[in-house]
Amino acid sequence: MKKEIQAKFESYPEPAQSRLLQLRELIFAVATQSGVSVDESLKWGEPSYAVKGGTPLRFDWKAKAPESVSIYFHCQSLMVETLRELMPEAFSYSGNRELSFPLNQPLPDKALRVCIEAAFTYQSRRKLPLLGL
């Protein structure tokens, strides 16, 4: 992990830091399973994960919503709209770009894996009905 990304993770309070590290591990696990290489960086001060042919995803914890962490997608992608239709109960949705996860509940691992895989293959899916999910 790059020093600036490590510093960002260390800046989060517990248990947000642990939850965000879980999300990071899940992203890299899905990438390994899918055979893609992930570019990890900071965008707008948030950890960002991008693959060639995908749509980037970012995540963060915000002091204004201290009981949860969120994943963000590009606002012009169909990710949140599609996930909201296919998995209405899996995530807490906000607008057209955010999924949030309460810190006091387990991550929805199976649904997140589908979500991350769809983001990694977004460019080949974006014209398919419901992203081919």
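Residues numbered from 1 in each chain as written. Predicted model: local features only at pLDDT ≥ 70, side-chain atom pairs only at ≥ 80, totals over all residues. Heavy atoms only, no water.

## Overview of the overall build of the protein chain
Helices and strands together make up the secondary structure of the protein chain, namely five helices and six strands. Rg of the C-alpha trace for the protein chain: 14 Å, near the compact-globule value of 14 Å for 133 residues, within the 12% margin. Considered along the principal axes of its C-alpha atoms, the protein chain spans approximately 40 × 30 × 25 Å. A buried classification covers 44% of the 133 residues belonging to the protein chain. Across the protein chain, every contact between residues at least 6 apart in sequence was considered, and the portion connecting residues at least 24 apart equals 55%. Carbon and sulfur atoms make up 51% of the accessible area of the protein chain, which totals about 7,300 Å². Between the centroid of the 17 positive side chains of the protein chain and the centroid of its 15 negative side chains there is a distance of 6 Å. (Helix = DSSP H or I, 4+ residues; strand = E, 2+ residues; numbered from the N terminus. Rg over C-alpha atoms; globule rule 2.2 N^0.38 Å. Buried < 20%, exposed > 50% of the residue type's maximum accessible area, 1.4 Å probe, protein only. Contact = heavy atoms within 4.5 Å. Areas by Shrake-Rupley, 256 points an atom, 1.4 Å probe, with all protein chains shown as cover. Lys, Arg positive; Asp, Glu negative; His and termini not counted. Charge placed at Lys NZ, Arg CZ, Asp CG, Glu CD.)

## A word on the side chain of D60
Residue placement: D60 occurs in strand β3 (residues 57-61). A distance of 3.0 Å separates the side chain of D60 from the side chain of K62, its partner in a polar contact. Apart from residues no more than four positions distant in its own chain, D60 is found in contact with K8, Y12, L20, E46, V69, S70 and Y72. (Polar contact = N/O pair within 3.5 Å; in protein donor to acceptor, adjacent residues only side chain to side chain.)

## A word on the pattern of salt bridges
Tallying each qualifying case throughout the model produces five salt bridges. Among the salt bridges present, the one from R24 reaches E40, with a minimum N-O distance of 2.6 Å. A residue pair is termed long-range when its members are at least 10 positions apart, and R24 in helix α2 (residues 16-34) and E40 in strand β1 (residues 39-43) qualify at 16 residues. The residue K62 makes a salt bridge to E46 at a minimum N-O spacing of 2.6 Å. One end of the pair, K62, is in the loop between β3 and β4 (68-73); the other, E46, is in strand β2 (residues 46-50), with 16 residues separating them in the sequence. The class of K62 is partly exposed, set by a relative accessible area of 27%. (Salt bridge = Lys/Arg side-chain N within 4 Å of Asp/Glu carboxyl O.)

This is a description of form; function is not addressed.
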